[in-house]
Amino acid sequence: MGHFIIRRLVSSILALLLIITFTFILVHMVPGGPFASEKQLPDSVMRNLEEKFHLNDPLWLQYVKYLGQVVKGDLGPSYKYENRTVNEFIRHGFPVSATLGALAVAIALVVGITLGIIAALRQNRWQDYLAMVIATIGFSAPSFIVASLLMFLFAYKIKIFPTAMWGTPAHAVLPSLALATLPTAFISRLIRANMIEVLQQDYIKTARSKGLSERVIIYKHALKNAILPVVTYLGPLIASIFTGSFVIEKIFAIPGIGRDFVIAITNRDYGLILGLTIFYAVFLMAMNLIVDLSYSLIDPRIKLTRGEG
Amino acid sequence: MELTRELLQPLDKSGTEAEAVGKPRTTYWQDVRRNFRQNKLAMFGLVVIIVLLAMAITGPYLSGHTYDEQNYQMANKPPSSEYWFGTDALGRDLFTRVWYGARISLAVGVLTACMVFLIGVLYGGISGYFGGKVDEVMMRVVEILSSIPFLLWVILLMVVMEPGLKTIFIALGAVYWLNMARLVRGQVLSLKEQEYVLAARVLGASPFRILIRHIIPNTMGPIIVAMTLMIPEAIFTEAWLSFLGLGVSAPMASWGSLASDGVGAISAYPWQLFFPAIFICLTMLAFNFVGDGLRDALDPRARR
């Protein structure tokens, strides 16, 4: 166990170093440099900019300086917005994004597990087909299409939710639903398949023959085992929430870091892209690590040993 | 009793075949094909894919408009007999653009899957076949790379490289091969100890030949399934990139870029989102049905 944690930590740190290095090289490889689009700037301003961002230093020196900053937790300045650092963007945007993400995870888990159980218990009946049709649609529609359809229906046609922006709980309904669609579909399929398999196992027969009520069997005995694979899916789930958040925050004009990232891409604001990428990478890798380690706590049958990573 | 010739007649053989145990021998792939054909959803998916492919080839020539022909008088027109799917903000015919976009989207899916296949099979095959230190190092590299959130990679590559189709292939191929390499390695590990591999080695076949001629063909089942499921995923990712403004650039179009253009106009001109969105969903469904069907057909345990 201890060995496993250390190995995972080492490979995470290596991966992080790889990301920082590659992103740095990529961003500095850009033809014309990060300020290429501002050709109308006077030479003196350009010189000031280059001075401020150390762009005149040799590349390796810039890299060392940047690495030193990152280790200290300073993700550097934005190249487009004067006087704003990446850290400030994160401080403003992350609470918003995290709220939205947590809501979406909660919806996905509750709705996904419920749909999955219903489908498994009513296998090959209309409840099953309905649940799986919902899941299949959620599975096959890109989130930006789901988001705009929700917006079209519930903000333009039936005006019950605001179309965009952030602030009141009503603002959060449509975006978190849109963000939860894909993971909900995935979880419900996963739960259905596992539930069907678990319900055929011997210990369920034993429970039945003991005369336990159907409710106890399903919730206390079957669900406990059927839910395990969902835990393994939590890592990818969080990742899909964050990629979804780029799109959803852009559509609903939500001031989170997802929207900042998209705007940074459109503006070719390399400072912000670099900083946010590193932030996202650290966040997601930490999440994955926690999820991986929690398997063994939840399911004592899983032994984390050397060998298969 | 005297034996006469009449008593020594040959038996009538017509009835004996019915007593034979078993049925006509079917090869593995015949079996797979039959099982696949019995899967209605999978067959439906296959038909949809064939229709989409046929339309992607012929569609852009059917309406008499080209994909980049602009006509400002006819901008944002709803579907009509002249413009079957309506027109976009620049008065371009959406029917032609949707099928032109189908070419790009399907090409992204298929070519990405092919690229992933090549890299993954080579990398995973070598790692699994040689084992030991080679395997240890190669798999450690995969482990480190796969702990990087891969869509960040795609975004960064797309931001930095020149926009265009080639970049999309490279970016998607560069991140999706990891799972394929893992899959192939696992398969090769379990196959390389089999007697027929030993026999080939005894006969003096080179490792490369053993890998390509003997081991890989036997791992094709799971690989084909993975490739089939890779295609919709690549199309999905391309749509997502297009929405972020990193996809193919105008006047070229993919389903993703058409849909993301449509998103902005949804309240006024919903058909501009509707048509590309329908075809993205249909393609996703079709490939997923075929992939699931193939997986069931290839797995003898899944048969009922």
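Let me begin by describing the structure that accompanies this report. (Residues numbered from 1 in each chain as written. Chains lettered and ligands numbered in written order. Predicted model: local features only at pLDDT ≥ 70, side-chain atom pairs only at ≥ 80, totals over all residues. Heavy atoms only, no water.)

1. Re the overall build of chain B
Part 1: Summing up its helical and strand segments, chain B has 11 helices and zero strands in all.
Part 2: Within chain B, residue pairs in contact and separated by at least 24 positions form 69% of the contacts whose partners lie at least 6 positions apart.
Part 3: Here chain B displays about 15700 Å² of accessible surface, and carbon together with sulfur accounts for 64% of that area. (Helix = DSSP H or I, 4+ residues; strand = E, 2+ residues; numbered from the N terminus. Contact = heavy atoms within 4.5 Å. Areas by Shrake-Rupley, 256 points an atom, 1.4 Å probe, with all protein chains shown as cover.)

2. Observations regarding the packing of helix α9 (residues 220-243) of chain B against helix α11 (residues 271-298) of chain B
All names here are of chain B.
Part 1: Their axes nearest at 9 Å, the elements α9 and α11 cross at an angle of 165°. Looking at the two axes, α9 sits roughly antiparallel to α11. Of the two possible hands of crossing, α9 and α11 adopt the one that is left-handed. Facing G221, I224, V225, T228, L229, I231, P232, I235, F236 and A239 of α9, the residues of α11 in contact are I280, T283, M284, F287, N288, V290, G291, L294, R295 and L298.
Part 2: Of the residues contributing to the contact of α9 with α11, the split by class is 14 nonpolar, five polar and one charged. (Axes fitted to C-alpha atoms, helices over the stretch in contact; angles between N-to-C directions. Parallel < 35°, antiparallel > 145°, perpendicular 65-115°, else oblique. Left-handed = near helix turned anticlockwise from the far one by under 90°. Nonpolar A, V, L, I, M, F, W, Y, C, P; charged D, E, K, R; others polar.)

3. Side note on the environment of L211 of chain B
Residues and elements named next belong to chain B.
Part 1: The residue L211 is located in helix α8 (residues 207-218) in this model.
Part 2: Spatially, the C-alpha atom of L211 lies 14 Å from that of E195, the residues being 16 residues apart in sequence.
Part 3: Not counting the four nearest positions on each side in its chain, L211 is found in contact with G125, I126, Y129, V188, I216 and P217.

4. Here's the deal with the packing of helix α2 (residues 40-62) of chain B against helix α3 (residues 94-130) of chain B
All names here are of chain B.
Part 1: Where α2 meets α3, the closest approach of the two axes is 8 Å, and the angle between their N-to-C directions is 140°. Between α2 and α3, the angle is such that the two are oblique. Between α2 and α3 the crossing geometry is left-handed. Residues L52, L53, M55, A56, I57, G59, P60, Y61 and L62 of α2 lie in contact with α3, whose contacting residues are F95, T96, W99, Y100, A102, R103 and L106.
Part 2: Taken together, the residues of the contact of α2 with α3 break down into 13 nonpolar, two polar and one charged.

5. Section: a nonpolar patch on the surface
Residues and elements named next belong to chain B.
Part 1: Together, L122, I126, F130, V134, F208 and I212 make up an exposed nonpolar region whose accessible area comes to about 540 Å².
Part 2: Where the nonpolar patch is concerned, the elements lending two or more residues are α3 and α8.
Part 3: Top contributing element to the nonpolar patch by residue count: α3, with three residues.
Part 4: By the secondary structure assignment, F208 is in helix α8. (Patch = residues over 30% accessible without salt bridge, like charges linked within 9 Å, V, L, I, M, F, W, Y side chains within 5 Å. Salt bridge = Lys/Arg side-chain N within 4 Å of Asp/Glu carboxyl O.)

6. What about the interface of chain B and chain A?
Part 1: Between chain B and chain A, the residue contacts involve 39 residues of the former and 44 residues of the latter.
Part 2: Summing the contributions of chain B and of chain A, the shared interface buries around 3600 Å²; its carbon and sulfur component is 79%.
Part 3: Between chain B and chain A we count one salt bridge in total.
Part 4: Two residues, R189 of chain A and D292 of chain B, come together in a salt bridge whose shortest N-O distance is 3.9 Å. (Buried area = accessible area lost by both parts, 1.4 Å probe.)

7. Some words on the layout of surface pockets
Part 1: As a volume, the second largest pocket reaches approximately 590 Å³.
Part 2: Of the residues in the lining of the second largest pocket, the class split is 23 nonpolar, five polar and no charged. (1 Å grid on protein atoms, 1.4 Å probe; cavity = no way out; pocket = protein on both sides within 12 Å on 5 of 7 lines; lining within 4 Å. Points joined across faces, edges and corners; volume = space filled by probe spheres on them.)

8. Remarks on helix α7 (residues 169-199) of chain A
Part 1: Between its terminal C-alpha atoms α7 of chain A stretches only 39 Å, short of the 45 Å expected from 31 residues at 1.5 Å a residue.
Part 2: The sharpest bend along α7 of chain A reaches about 45° and sits at T181 of chain A, with the proline P183 of chain A one to four residues further on. (Expected span 1.5 Å × (residues − 1). Bend = angle between axes of the 7 residues up to and from the residue.)

9. Section: the pattern of salt bridges
Part 1: Across all of its chains, the model carries seven salt bridges over all chains by this definition.
Part 2: The residue D202 of chain A makes a salt bridge to K205 of chain A at a minimum N-O spacing of 3.8 Å. Here the residue D202 of chain A and the residue K205 of chain A both occupy positions in helix α8 (residues 202-209), the gap between them amounting to three residues, near one helical turn. Like K205 of chain A, D202 of chain A is exposed.
Part 3: If you follow the salt bridges from partner to partner, you end up with R189 of chain A together with D292 and R295 of chain B in one network. (Buried < 20%, exposed > 50% of the residue type's maximum accessible area, 1.4 Å probe, protein only.)

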